[in-house]
Amino acid sequence: MQAIEVDGLFNARATDARAPWLVRTGSVDALTAAGAEELRELGVSLIVDLREESEAAPAAHGIPVRRVALYGEAPPEAGRLEDVYEALLRRRGAALAQAVGLIAEAEGAVVVHCTAGKDRTGLVVALARLAAGEDRDAVVADYALSGQRVRPVREAHARTVAAALPTSEQREALRLHLDSPREAILHALEVIDGFGGAVAYLRAHGLGEAQLRLLDAKTRVPA
C-alpha cells in the first residue's frame, strides 16, 4: 500500500494513491473538511470504524460510518501483541468477517480505521487483502510500516499507560501500543493458516460467497 497525505489523518495508506479500493489509517477524529474532500476525491464511500463505542467521537466529516466493535470490550492496555492478535482471531472471527464484508459490499473505496491504525486495522486489512488475492509478502511489509508512523502520535499516551503498570509488564505494553513487528503479523497469519487461509477463515466466520466474489473483484477492476 502507498502512503497518502490526508488532512487530519495519520498512518494513512491506500492500495492505490489515485483510485484505491481500500484505505487504512489511524483515528479519523481529527479529519478536517479538506481531508474529507480529499477522501471523496479518492472515491471513498464508507468509513469502517473498528473501535468500541466508548472510544468513538462524533463524526463531523459527512462520510457514512459503520462501526464494528472488534474487541467487544475495552481494548487491552497490556499484554503480548501476538496473544492479543490470536485472541481476536479465535474469539472475534464474526466481527472480523463483518468488517471485511462491509469492505466487500461497498461501492468505491473504504476507509478502515481504529485508534492507531495498526492492530485491529492491521488484521482486517490483512484478511481483506489476502482474500482479494493480494500478495502475502506485500501484506506483511505493509503491516510493518505502521510502527514508525504511530510512534510520534501515540508515544506520550503509551508511556502514560505503561507507567501505571507493573514494571514487568511495561515493555510488552509499549510494544502493544507502538510497534508493528513482522513477527506479530506472521504469528497472526499462522493462526489464519490453521483455518485454511484467509478465504476459509472468513467463510468459516460468516462471510458469504457473494461477498467473497465482490472482494476478489476489487483487485481486478482497472484503476
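Computed from a predicted model, the values in this text were never measured in an experiment.

A.B. asks: Hey, could you run me through the sheet that holds strand E5 (residues 65-67) in this one?
C.D. replies: Strand order across the open sheet formed by six strands is E1-E2-E3-E6-E4-E5, with mixed pairing between neighbours. Edge positions in the open sheet fall to strand E1 (2-3) and E5, since each of these has one partner strand only. Pairing analysis gives two bridges linking strand E2 (residues 13-14) to strand E3 (residues 22-25), with the strands arranged antiparallel. Bridge pairing in E3 links Ala14 to Val23.

A.B. asks: For this particular structure, what's the right way to read the pattern of salt bridges?
C.D. replies: Pairs may arise between side chains of opposite charge once their charged atoms sit close together. Tallied over the full model, the rule gives 22 salt bridges. Between Glu53 and Arg67 there is a salt bridge, with the nearest N and O atoms lying 3.3 Å from each other. Of this pair, Glu53 sits in the loop between strand E4 (44-49) and E5 while Arg67 sits in strand E5, placing them 14 residues apart in sequence. Judged by its relative accessible area of 30%, Arg67 falls in the partly exposed class. Taking the shortest distance from any N to any O, the salt bridge between Glu82 and Arg80 comes out at 3.7 Å. Overall, the relative accessible area of 38% leaves Arg80 in the partly exposed class. Shared partners join several salt bridges into a network, and the residues in it are Arg80, Glu82, Asp83, Glu172, Arg175 and Glu183.

A.B. asks: Could you clarify how one ought to interpret the layout of surface pockets in this entry?
C.D. replies: In this approach, a probe sized like a water molecule rolls over the atoms, and the result shows the empty space that is left. What the largest pocket holds in volume is close to 360 Å³. Around the largest pocket, the lining is made up of 17 residues, and of these Pro75, Pro76, Arg120, Arg154 and His177 lie nearest the centre. For the lining of the largest pocket, the secondary structure elements donating two or more residues are helix H6 (146-163) and helix H7 (167-178). Counting residues per element, the lining of the largest pocket draws most heavily on H6, which supplies three residues. When its residues are assigned to classes, the lining of the largest pocket shows seven nonpolar, four polar and six charged.

A.B. asks: Can you help me understand the nonpolar core in this one?
C.D. replies: A general trend in soluble globular proteins is that nonpolar side chains are found buried together. Counting 50 residues, the largest nonpolar core has Val48, Leu50, Ile103, Val124 and Leu215 as the members making the most contacts within it. With residues up to four places along the chain from it excluded, the contact list for Ile103 reads Trp21, Leu22, Val110, Val112, Val124, Ala128, Leu215 and Lys218. Ranked by size, the runner-up nonpolar core spans 16 residues in total, among them Ala14, Val23, Val28 and Leu31.

A.B. asks: Looking at this model, I keep getting lost on the packing of helix H5 (residues 136-144) against helix H8 (residues 182-193). Mind explaining?
C.D. replies: A pair of packed helices can be characterised by two numbers: the angle between their axes and the separation between those axes. For the pair H5 and H8, interaxial distance at closest approach is 9 Å and the crossing angle is 140°. Between H5 and H8, the angle is such that the two are oblique. The handedness of the crossing between H5 and H8 comes out as right-handed. Residues Arg136, Val140, Ala141, Tyr143 and Ala144 of H5 lie in contact with H8, whose contacting residues are Arg182, Ala184, Ile185, Leu186, Leu189, Glu190 and Asp193.

Thresholds applied
Residues numbered from 1 in each chain as written. Predicted model: local features only at pLDDT ≥ 70, side-chain atom pairs only at ≥ 80, totals over all residues. Heavy atoms only, no water. Pairing = 2+ DSSP bridges. Helix = DSSP H or I, 4+ residues; strand = E, 2+ residues; numbered from the N terminus. Salt bridge = Lys/Arg side-chain N within 4 Å of Asp/Glu carboxyl O. Buried < 20%, exposed > 50% of the residue type's maximum accessible area, 1.4 Å probe, protein only. 1 Å grid on protein atoms, 1.4 Å probe; cavity = no way out; pocket = protein on both sides within 12 Å on 5 of 7 lines; lining within 4 Å. Points joined across faces, edges and corners; volume = space filled by probe spheres on them. Nonpolar A, V, L, I, M, F, W, Y, C, P; charged D, E, K, R; others polar. Core = buried A, V, L, I, M, F, W, Y, C linked by side-chain atoms within 4.5 Å. Contact = heavy atoms within 4.5 Å. Axes fitted to C-alpha atoms, helices over the stretch in contact; angles between N-to-C directions. Parallel < 35°, antiparallel > 145°, perpendicular 65-115°, else oblique. Left-handed = near helix turned anticlockwise from the far one by under 90°.

These figures come from the coordinates and say nothing about function on their own.
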